[in-house]
Amino acid sequence: RLAALLAREAPRVHALRSWIAVHEPLSKERLRLCLGAASQAKALQQDVAAMREDKFRQLECMEAEWKTHRQELLSSGSRARRGAEEAVAQAAVLEGRREELQKGLERLLRAEKSV
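Residues numbered from 1 in each chain as written. Predicted model: local features only at pLDDT ≥ 70, side-chain atom pairs only at ≥ 80, totals over all residues. Heavy atoms only, no water.

Attention now goes to the overall build of the protein. Per the secondary structure count, the protein includes one helix and zero strands. Across its three principal axes, the protein shows a C-alpha extent of roughly 160 × 20 × 20 Å. Total accessible area on the protein is roughly 10900 Å²; 61% of this is exposed by carbon and sulfur atoms. The centroid of the 22 positive side-chain charges in the protein is displaced by 12 Å from the centroid of its 17 negative side-chain charges. (Helix = DSSP H or I, 4+ residues; strand = E, 2+ residues; numbered from the N terminus. Areas by Shrake-Rupley, 256 points an atom, 1.4 Å probe, with all protein chains shown as cover. Lys, Arg positive; Asp, Glu negative; His and termini not counted. Charge placed at Lys NZ, Arg CZ, Asp CG, Glu CD.)

The next thing to look at is a nonpolar patch on the surface. There is a patch of nonpolar side chains on the surface, built from Leu-2, Leu-5 and Leu-6 and spanning about 310 Å² of accessible area. Within the fold, Leu-5 resides in helix H1 (residues 2-114). (Patch = residues over 30% accessible without salt bridge, like charges linked within 9 Å, V, L, I, M, F, W, Y side chains within 5 Å. Salt bridge = Lys/Arg side-chain N within 4 Å of Asp/Glu carboxyl O.)

With 113 residues, H1 extends 155 Å between its outermost C-alpha atoms, agreeing within 8% with the 168 Å of an ideal straight helix rising 1.5 Å per residue. Glu-9 marks where H1 bends most, by close to 40 degrees; the proline Pro-11 follows one to four residues later. (Expected span 1.5 Å × (residues − 1). Bend = angle between axes of the 7 residues up to and from the residue.)

As a further point, take the pattern of salt bridges. Under the definition given, this model contains six salt bridges. For Glu-63, the salt bridge goes to Lys-67, with nearest N and O atoms at 3.6 Å. Of this pair, Glu-63 and Lys-67 both sit in helix H1, four residues apart, roughly one helical turn. Of the charged contacts, one joins Glu-95 and Arg-98 as a salt bridge, the two residues approaching to 2.7 Å between their closest N and O atoms. One end of the pair, Glu-95, and the other, Arg-98, are both in helix H1, three residues apart, so they sit about a helical turn from each other.

Structural measurements only, silent on function.
See below:
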């Protein structure tokens, strides 16, 4: 029985060994290519992560510069507003003095006309 079983299975075993002999090198080559592609993908992911980190740092620096610039603009705006308020106050004082002088001149002119 064993001899009959071996005789019947021997062609299948031989065919399987032939198939393995043909496909094993192809499979090894595919595996090598896949490992190479995986290695490249990992290197690319690391590069992208490094670029992302670099951009993050750049954005942090830009944000800090923007905040500083914004604070300077706010301070400058406050100084300009205070200066404008002071100028308005001075203009009001000068306008008052001008009106007083004008009234004084009008009084003098009336006084001169009456004399």
